[in-house]
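As a plain string of letters, each chain reads:
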Amino acid sequence: EFIDGIKVNFFRPGKFGKLFDKGYLAKALEIRHILQLERPDVVYQRMGNSATWLLAMLAKPLGYRFVWACASDADLIYRLPEKEKKHGQRLAAYMRFGGIKRASTVIVQHSGQLTTLRKNLNREGKIVPNLHPVPDEIAEKPRDFITVLWIANFKPLKQPTVFIRLAKALSHRPDRKSVV
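Residues numbered from 1 in each chain as written. Predicted model: local features only at pLDDT ≥ 70, side-chain atom pairs only at ≥ 80, totals over all residues. Heavy atoms only, no water.

What to know about the overall build of the protein
Then comes step 1: Along its length, the protein carries six helices and eight strands.
Then comes step 2: In the protein, the succession of α and β elements from N to C terminus is β-β-α-α-β-α-β-α-β-α-β-β-α-β.
Then comes step 3: Burial status across the protein gives 32% buried among its 180 residues.
Then comes step 4: Residue pairs in contact within the protein that sit at least 24 positions apart in sequence constitute 47% of those at least 6 positions apart. (Helix = DSSP H or I, 4+ residues; strand = E, 2+ residues; numbered from the N terminus. Buried < 20%, exposed > 50% of the residue type's maximum accessible area, 1.4 Å probe, protein only. Contact = heavy atoms within 4.5 Å.)

Laid out in structure tokens, this is it:
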């Protein structure tokens, strides 16, 4: 697929092994084949998972730079699942960190992520902030009615239930509206 004149190959996870690693390792040979055909100079991945390790391990033998970008603070927190969780999930956590450690370049979004990267992986990164600039001034609006808007991917990591609890707690107020 071409996006703005740039060829983009999306690696969609396979069905086999989803409980283990979301299915990326099941497609390792396909991913390697695409990389061999395309012969990229740079491979960019955003978000840590087992594909991070796979792409990092293929970088040197296939001769490309692997740039990994942090998608959220959770990508840099080394949390091994509790003992009752599957061993595959434990291995996937090791692989995520192993791939981040081996990346040619790591991009983070803010100084807090850079501090966590240094602390947890003992490596440097480059800060490339999100495209959400801090406004120069805050727009003033009447305070007689307040709308609280939550914008995010609807997934557990973003904790939508916290916003829902807040909305319920404010639902009795006629001067408040909560929107997802």
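Overview of the sheet that holds strand β3 (residues 42-46)
Strand pairing within a sheet occurs via backbone hydrogen bonds; the two strands may be parallel or antiparallel.
Then comes step 1: Sheet architecture is open: four strands sit in the order β3-β4-β5-β6, paired in parallel fashion. The open sheet terminates on both sides in strands that have one partner only, identified here as β3 and β6 (126-127).
Then comes step 2: Relative to β6, strand β5 (residues 105-108) is paired through two bridges, and the arrangement is parallel. Residue pairing in the sheet places Ile107 in a bridge with Lys126 of β6.
Then comes step 3: Running over the sheet, helix α3 (residues 50-62) touches β3 and β4 (65-69) and is turned about 160° from β4. (Pairing = 2+ DSSP bridges. Axes fitted to C-alpha atoms, helices over the stretch in contact; angles between N-to-C directions.)

Concerning the pattern of salt bridges
Then comes step 1: Within this structure, the stated rule accounts for three salt bridges.
Then comes step 2: Across the pair Arg118 and Glu124 runs a salt bridge, and its minimum N-O distance is 2.8 Å.
Then comes step 3: Judged by its relative accessible area of 47%, Glu124 falls in the partly exposed class.
Then comes step 4: As a salt-bridge pair, Asp175 and Arg176 come within 2.8 Å of each other at their nearest N and O atoms.
Then comes step 5: On the basis of relative accessible area, Arg176 is assigned to the partly exposed category, the value being 23%.
Then comes step 6: Among the charged side chains, a network of salt bridges with common partners joins Arg173, Asp175 and Arg176. (Salt bridge = Lys/Arg side-chain N within 4 Å of Asp/Glu carboxyl O.)

So, the confidence of the model for the protein
Then comes step 1: Averaged over all residues, the pLDDT of the protein is 82; the fraction at 70 or higher stands at 84%.
Then comes step 2: When pLDDT is averaged over each helix and strand of the protein, the minimum, 54, is found for helix α1 (residues 18-21) and the maximum, 97, for β5. (pLDDT = per-residue confidence, 0-100.)

Describing the packing of helix α2 (residues 28-38) against α3
Then comes step 1: Between α2 and α3, the least distance of the axes is 11 Å, while the angle of their chain directions is 40°. Between α2 and α3 lies a crossing of right-handed hand. Note on element contacts: α3 touches α2 through Leu54, Leu55, Leu58 and Leu62, opposite Ala28, Ile31, Arg32, Leu35 and Gln36. (Left-handed = near helix turned anticlockwise from the far one by under 90°.)

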